[in-house]
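# Structure at a glance
As a plain string of letters, each chain reads:
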Amino acid sequence: MDRKPVIVYCTSSLYIPGGIERVLTTKANYLADVAGYTVYIILTDGQDKSPYYPLSSQIRLIQLGIEFEELWDLPLYKKIIVYLQKQRIYKCKLRNVLFSIKPDITVSLMRREINFITSIKDGSKKVGELHINKKNYRNFKTETNNFFKKMLSTFWSKQLIHKLQKLDQFIVLTQEDKEDWKEVKKISVIPNPLPFYPETFSQCTQKNVIAVGRFSHEKGFDLLAQAWKIVCRKHNDWHLQLYGGGDKTSLYKLILQLNITDSFQINEATTDILKKYTESSICILSSRFEGFGMSIAEAMSCGIPVVSFNCPCGPRYIIRDGEDGILVENGNVEQLADKICYLIENEHRRKEMGRKAHINIKRFETEQIMSQWIKLFEGLLRI
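The following refers to the structure shown.

Criteria and thresholds
Residues numbered from 1 in each chain as written. Predicted model: local features only at pLDDT ≥ 70, side-chain atom pairs only at ≥ 80, totals over all residues. Heavy atoms only, no water. Helix = DSSP H or I, 4+ residues; strand = E, 2+ residues; numbered from the N terminus. Rg over C-alpha atoms; globule rule 2.2 N^0.38 Å. Buried < 20%, exposed > 50% of the residue type's maximum accessible area, 1.4 Å probe, protein only. Contact = heavy atoms within 4.5 Å. Areas by Shrake-Rupley, 256 points an atom, 1.4 Å probe, with all protein chains shown as cover. Lys, Arg positive; Asp, Glu negative; His and termini not counted. Charge placed at Lys NZ, Arg CZ, Asp CG, Glu CD. Core = buried A, V, L, I, M, F, W, Y, C linked by side-chain atoms within 4.5 Å. Axes fitted to C-alpha atoms, helices over the stretch in contact; angles between N-to-C directions. Parallel < 35°, antiparallel > 145°, perpendicular 65-115°, else oblique. Nonpolar A, V, L, I, M, F, W, Y, C, P; charged D, E, K, R; others polar. Phe/Tyr/Trp six-rings, centres within 6.5 Å; stacked < 30°, edge-to-face > 60°. Lys NZ or Arg CZ within 6 Å of the ring centre and 35° of its normal. Salt bridge = Lys/Arg side-chain N within 4 Å of Asp/Glu carboxyl O. Pairing = 2+ DSSP bridges.

From N to C terminus, the protein chain includes twelve helices and 13 strands. In terms of overall dimensions, the protein chain is globule-like: its C-alpha atoms have a radius of gyration of 21 Å, near the 21 Å expected for 383 residues. Structurally, the protein chain occupies a C-alpha span of about 60 × 50 × 40 Å along its principal axes. For the protein chain, with 383 residues in total, the buried portion stands at 54%. Once local pairs closer than 6 in sequence are excluded, the contacts in the protein chain between residues at least 24 apart make up 66%. By element, 50% of the accessible surface of the protein chain is carried by carbon and sulfur atoms, the whole surface being about 17,700 Å². Between the averaged position of the 55 positive side-chain charges in the protein chain and that of its 43 negative side-chain charges there is a distance of 6 Å.

What follows concerns the nonpolar core. Side chains of a nonpolar character, in soluble globular proteins, are inclined to be buried together. Counting residues in each nonpolar core, the largest one holds 55 residues, and the members touching the most others are Ile7, Tyr9, Leu31, Val39, Tyr277, Trp373 and Phe377. At the level of secondary structure, the elements contributing two or more residues to this core comprise β1 (6-11), α1 (19-33), β2 (38-43), β4 (105-108), α7 (273-278), β11 (282-285), α8 (294-301) and α12 (366-382). In terms of residue count, α12 provides more of this core than any other element does, seven residues in total. Not counting the four nearest positions on each side in its chain, isoleucine 7 is found in contact with Leu31, Tyr37, Thr38, Val39, Tyr40, Ile105, Val107 and Phe377. Core analysis: the next-biggest nonpolar cluster, separate from the first, contains 35 residues, Ala211, Phe215, Leu258 and Phe264 among them.

The geometry of helix α10 (residues 333-345) relative to helix α11 (residues 347-360) is characterised by a closest axis approach of 5 Å and an angle of 100° between their N-to-C directions. One element, α10, and the other, α11, form an angle in the roughly perpendicular class. Packed against α10, whose contacting residues are Tyr342, Leu343, Ile344 and Glu345, the element α11 presents Glu347, Arg349, Arg350 and Met353 at the interface. Grouping the amino acids of the contact of α10 with α11 by side-chain chemistry returns four nonpolar, no polar and four charged.

According to the stated counting rule, one finds twelve aromatic pairs in the structure shown. Over the face of the ring belonging to tyrosine 15 we find lysine 49, whose NZ or CZ atom lies 4.2 Å from the ring centre. The residue whose ring lies beneath lysine 134 is tryptophan 181, and the NZ or CZ to ring-centre distance is 4.9 Å.

Evaluated as defined, the whole model comprises 17 salt bridges. Salt-bridge contacts for lysine 134 lead to glutamate 183; the nearest nitrogen and oxygen are separated by 3.5 Å. Pair noted here: lysine 134 is in the loop between β5 (125-129) and α3 (147-164) and glutamate 183 is in the loop between α4 (175-178) and β7 (187-189), with a separation of 49 residues, a long-range link. Looking at lysine 134, the relative accessible area reads 23%, which means it is partly exposed. Between lysine 219 and glutamate 290 there is a salt bridge whose closest N-O contact spans 2.9 Å. Separated by 71 residues along the polypeptide, lysine 219 in the loop between β8 (208-212) and α5 (221-234) and glutamate 290 in the loop between β11 and α8 bring together distant segments of the chain.

Pairing within the open sheet is parallel, and its six strands lie in the order β10-β9-β8-β11-β12-β13. Looking at strand neighbours, the two that pair on one side only are β10 (264-267) and β13 (325-328), the edges of this open sheet. With strand direction ignored, the average angle separating the axes of adjacent strands in the sheet is 20°. By the bridge criterion, four bridges tie strand β12 (residues 306-309) to β13 in an arrangement that is parallel. Within the sheet, the bridge partner assigned to phenylalanine 309 lies in β13 and is valine 328.

So, in structure tokens, the structure goes:
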């Protein structure tokens, strides 16, 4: 092409301090400011809310005002009716925008537009990128044993595969997850880019442990609290700082029950998370599952070792066990506590792991990851 490509990203919102929002912002900023692409981000929700992470002034936001979030508080019967109405409106509005913009590439972040995006014949290449592993992507079976939901899950999964097969390319975050998508032929692995790679990093001497993530079931903060109860018995002079958005009510109740409020502090998400990492000596990931594990990569870039459940998918792809961090059996609270104590008690080992973490994680620097995306996009446009 003689000109730089025009690219559109479709997602729900940018106001939430989450991993998808951070990753999309990092990639879009790079494409607009460094690669010179014309970048649009089309949103369906959060009409009057500003992006949480700093967005380049070169990026053009288009708010469709569908507000799928209104479905959250509706009863099931009404939810289905309203969803179908909103979905029709979304398809119509997105179609009109794409025909107006005429992008070269349209990227779905696997939200509701994945159901119809390949049927919009605006001439753009259609790409899907998934930020969670296959087994846990809208997996109704894990939520309940309800027969109706199992049937719905099976039907929905078959429909999803059919939609993905029509994409020009489908992107997942790890080789581990790619192997689960055997039905999809046009599939590639591109990991998430680091949002930062600081030159100054933690010395791993302060008695602070950090965990970061949205307050939701999959992040396993209830398991983290149980593990920290064990750690407290041995090391009550160490403190755990937890940062994230979402409903914290149940976790507050749990740490009260466990009597660990003196050393387990719950904080809102912060825009200066880099500073919080560098003030810490150990990071913990207690997730039941992940798509990648951005908090692992962020912590390692700041020179602190991570103790993580070996959950699907991501931690084993990022951490080199025993070298720059520690993997423990998924869901094993006692083992998680034991390895946290190990790093607390072995300062030299902790510092050495942190130093190697800062070096090894360099492979996920933004420029390296974005070169893979640009190669992918340019390859699609040559077809």
